[in-house]
Amino acid sequence: MTSQSFPVGTNQPADGTRAPGAPRLGNATGLSCRECGKTTELGPYYACEDCFGPLEVRYDFPRLTRADIQAGPQNIWRYAPLLPVPADIASRPTTEPGCTRLVRADGLAAELGMRRLWIKDDSGNPTHSFKDRVVAVALAAATQMGFKVLACPSTGNLANAVAAAAARAGIRSVVMVPANLEGQKILTTAVYGGTFVTVDGTYDDVNRLASELAGEHDDWAFVNVNVRPYYAEGSKTLGFEIAEQLGWRLPDQVVVPIASGAQLVKIDKGFTELITLGLVDDKPWRVFGAQATGCAPVSEAFANGWDVVRPVKPSTIAKSLAIGNPADGPYVLDVVRRTGGAVADVSDPEMVDSIKLLARSQGIFGETAGGVTVGVLRKLLASGQLDPEAETVIINSGDGLKTLDAVAPAVNVPAAIKPTLEAFQAAGFDGADLS
Ligand SMILES: Cc1ncc(COP(=O)(O)O)c(C=O)c1O
Ligand SMILES: [Zn+2]
């Protein structure tokens, strides 16, 4: 990082020049504007100088074989040549996320009348959500750019991931969340010992504050603000892993939860890159997005045929997805429309019911985001928008242990009995209804 200061709301040095010395980030060659295509060098930039459009990482990919990847570590660094990270990243201290299980979900498929359903279970990551992927990539890029502090505004899971990744790397973290988050997510962030700020406001308020702070502290890497182009690339690894775990094939349909929308957009980008590199055969796939009705700006835009996403004020128990003004919303619409998918939303009761369905049919306890995804899967099957015959992957992006309050009122915990046979029988536990 340089000693230059970046004015609030921009990513440019105050004197209009670029920070000297582009960082070495593997095969990444620069950044380009997703709106106007203008290119710029690698650095802590996230908005286009000309049109303020978001920036995205560009690469000069090497020739890469399936065997090269398979010889790599059992974590996301097996895809390091396709990420904006230094070549030796696998030997640096990181949380080593990724290579989570892809579960053949025959139980859930049978319940829903589907032929071939898979669950990409990202609750198996080090801090139990897919956010470990994006944070690991952001941290790698940020330290390479000389940042000394890892920071974020978060809806909860990102807070866990940033605090843990910074602890592992031995650097400071500054994590900011809405104060009304689930108690589990608060505790599982605070335990790592970084600077932890709970804010009396919504996520969108916290995000605004983070943008101001990013302008004030030029040595703080806000993973999803000033190093967002690098951070977002981490979600491509979900797409890479799904394809590799299917035996280097793409699925027909994928259902992804949406908060900012970056995960959905990058899974699609990951599929496209695998085709470009000749690592999978080209074939059509359809991308579907899932939101909670209490925070469904992208679903609303999709249903109305809008190109813009109108911000909403969230009101849902799916707090991890409660982003009312999603940065990648318009790009989600592009991906979904281009691939022939859809975006839909489910109510909080439908979400809770779907968490229980996933648990009962598959033995997987997902968080509220997982309930939203399964709920939307059900809804789009019922409406005929998802094909029950087509091979489908859904993302379970987080762990139900972090959102216990969501299911507590809907789960029946029987009263304690005395430790006797009589008490067991009297309570009806050996009755015929157990079979
Ligand atoms: C568990 C979980 N799933 C999905 C998402 C959505 O990710 P994105 O912001 O990339 O759309 C989040 C975001 O916080 C999350 O915590
Ligand atoms: Zn531009």
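Note that this is a predicted model, so its numbers are computed, not measured.

### A short note on the environment of phenylalanine 271
Argument step 1. Looking at the secondary structure, you find phenylalanine 271 in helix H9 (residues 262–276).
Argument step 2. Sequence-wise, phenylalanine 271 and threonine 237 are 34 residues apart; in three dimensions their C-alpha atoms are separated by 9.6 Å.
Argument step 3. In contact with phenylalanine 271, not counting residues within four places along its chain, are Gly239, Ile242, Leu250, Pro251, Val254 and Trp285.

### Focus on the sheet that holds strand S11 (residues 286–292)
Argument step 1. Strand order across the open sheet formed by 6 strands is S4-S5-S13-S10-S11-S12, with mixed pairing between neighbours. Sheet topology places strand S4 (102–104) and strand S12 (342–346) at the edges, where each strand pairs with a single neighbour. Each neighbouring strand pair of the sheet contributes to a mean axis angle of 25 degrees, computed without reference to strand direction.
Argument step 2. In terms of strand pairing, S11 meets S12 through 5 bridges, oriented parallel. Of the residues in S12, the one forming a bridge with alanine 292 is valine 346.
Argument step 3. Lying over the sheet, H9 contacts strand S10 (253–257), S11 and strand S13 (392–396), oriented at roughly 150 degrees with respect to S10.
Argument step 4. Of the strands in this sheet, S4, strand S5 (117–121), S11, S12 and S13 are in contact with helix H12 (residues 348–362), which crosses S12 at around 100 degrees.

### Focus: the coordination of the zinc ion (ligand 2)
Argument step 1. Of the protein atoms, only Cys33 (SG), Cys36 (SG), Cys48 (SG) and Cys51 (SG) coordinate the zinc ion (ligand 2), at distances of 2.2 to 2.4 Å.
Argument step 2. With 4 donor atoms in place around the zinc ion (ligand 2) and angles of 97 to 122 degrees between them, the coordination shape is tetrahedral.
Argument step 3. Along the chain, the residues donating to the zinc ion (ligand 2) fall in the pattern C-x2-C-x11-C-x2-C.
Argument step 4. Overall, cysteine 51 belongs to the partly exposed group, its relative accessible area being 34%.

### Considerations on the layout of surface pockets
Argument step 1. Within this model, the second largest pocket holds a volume of roughly 200 Å³.
Argument step 2. Taken together, Thr155, Pro178, Asn180, Leu181, Gly201, Thr202, Tyr203, Pro314, Ser315, Thr316, Lys319 and Ala322 make up the lining of the second largest pocket.
Argument step 3. Among the residues making up the lining of the second largest pocket, the classes are represented as 5 nonpolar, 6 polar and 1 charged.

### A word on the environment of phenylalanine 196
Argument step 1. By the secondary structure assignment, phenylalanine 196 is in strand S8 (residues 195–199).
Argument step 2. Once the C-alpha coordinates of phenylalanine 196 and tyrosine 46 are considered, the two residues, 150 residues apart in sequence, prove to be 24 Å apart.
Argument step 3. In contact with phenylalanine 196, not counting residues within four places along its chain, are Val175, Val177, Ile186, Thr189 and Ala190.

### With respect to the site of ligand 1
Argument step 1. Around ligand 1 sit 16 residues, and of these Asn157, Ser260, Gly261, Gln263 and Ser397 come closest.
Argument step 2. Contacts to ligand 1 include lysine 131, whose side-chain N or O atom sits 3.4 Å from an oxygen atom.
Argument step 3. Within the backbone of alanine 259, a nitrogen or oxygen atom sits 2.9 Å from an oxygen atom of ligand 1.
Argument step 4. In isolation ligand 1 exposes 390 Å². Once the protein is present, 98% of that is buried.
Argument step 5. Grouping the amino acids of the shell around ligand 1 by side-chain chemistry returns 7 nonpolar, 7 polar and 2 charged.

### Here we look at the nonpolar core
Argument step 1. Grouped together as the largest cluster of nonpolar side chains are 73 residues, with contacts concentrated most on Leu108 and Leu377.
Argument step 2. By residue number, the principal contributor to this core is helix H13 (residues 368–382), which donates 7 residues.
Argument step 3. Ignoring anything within four residues of it in the chain, the contact list for leucine 377 reads Leu108, Leu112, Met114, Leu117, Val255, Leu386, Thr392 and Ile394.
Argument step 4. Judged by nonpolar contacts, the second largest core, of 37 residues, contains Phe147, Cys152, Val175 and Leu181.

### Digging into the pattern of salt bridges
Argument step 1. As enumerated under the stated definition, the model contains 28 salt bridges in all.
Argument step 2. Across the pair arginine 228 and aspartate 328 runs a salt bridge, and its minimum N-O distance is 3.0 Å. In this pair, arginine 228 is assigned in helix H7 (residues 228–233) and aspartate 328 in the loop between helix H10 (297–304) and helix H11 (329–339), connecting sequence segments 100 residues apart.
Argument step 3. The residue glutamate 273 makes a salt bridge to lysine 236 at a minimum N-O spacing of 2.8 Å. In this pair, glutamate 273 sits in helix H9 while lysine 236 sits in helix H8 (residues 236–245), placing the two residues 37 residues apart along the sequence.
Argument step 4. Classification of glutamate 273 as buried rests on a relative accessible area of 8%.
Argument step 5. On the basis of relative accessibility, which here comes to 0%, the residue lysine 236 falls in the buried class.
Argument step 6. When salt bridges with common partners are traced through the structure, they connect Arg34, Glu56, Arg228, Glu233, Lys236, Lys266, Lys269, Glu273 and Asp328 into a single cluster.

### What about the confidence of the model for the chain?
Argument step 1. For the chain, per-residue confidence averages 94 on the pLDDT scale, and residues scoring 70 or more make up 94% of the total.
Argument step 2. Confidence drops under a pLDDT of 50 for residues 1–20, and excluding neighbours within four residues, the segment shows 55 contacts in the predicted structure.

### Focus: the sheet that holds S8
To summarise the sheet geometry, strands pair through backbone hydrogen bonds and adopt either a parallel or an antiparallel arrangement.
Argument step 1. On the basis of which strands lie adjacent, the open sheet formed by 4 strands has the order S8-S7-S6-S9 and parallel pairing. Edge positions in the sheet fall to S8 and strand S9 (220–222), since each of these pairs with one other strand and no more. Direction aside, the axes of adjacent strands within the sheet are offset by 20 degrees on average.

### Structural notes on the pairing of S11
Argument step 1. Among the 7 residues in S11, 6 count as buried, and that is most of the element.
Argument step 2. Here S10 runs beside S11; their pairing, made up of 5 bridges, is parallel. Directly across from valine 254, in S11, lies its bridge partner valine 287.
Argument step 3. For the crossover that starts at S10, traverses H9 and ends in the parallel S11, the hand is right-handed.

Cut-offs used in this document
- Residues numbered from 1 in each chain as written.
- Chains lettered and ligands numbered in written order.
- Predicted model: local features only at pLDDT ≥ 70, side-chain atom pairs only at ≥ 80, totals over all residues.
- Heavy atoms only, no water.
- Helix = DSSP H or I, 4+ residues; strand = E, 2+ residues; numbered from the N terminus.
- Contact = heavy atoms within 4.5 Å.
- Pairing = 2+ DSSP bridges.
- Axes fitted to C-alpha atoms, helices over the stretch in contact; angles between N-to-C directions.
- Donors = N, O, S within 2.8 Å, 3.2 Å for Na, K, Ca; no water.
- Tetrahedral: all angles 85-135°; square planar, octahedral: opposite > 155°, others 65-115°.
- Buried < 20%, exposed > 50% of the residue type's maximum accessible area, 1.4 Å probe, protein only.
- 1 Å grid on protein atoms, 1.4 Å probe; cavity = no way out; pocket = protein on both sides within 12 Å on 5 of 7 lines; lining within 4 Å.
- Points joined across faces, edges and corners; volume = space filled by probe spheres on them.
- Nonpolar A, V, L, I, M, F, W, Y, C, P; charged D, E, K, R; others polar.
- Near = heavy atom within 4 Å.
- Polar contact = N/O pair within 3.5 Å; in protein donor to acceptor, adjacent residues only side chain to side chain.
- Areas by Shrake-Rupley, 256 points an atom, 1.4 Å probe, with all protein chains shown as cover.
- Core = buried A, V, L, I, M, F, W, Y, C linked by side-chain atoms within 4.5 Å.
- Salt bridge = Lys/Arg side-chain N within 4 Å of Asp/Glu carboxyl O.
- pLDDT = per-residue confidence, 0-100.
- Right-handed = clockwise from strand over helix to strand, strands pointing away.

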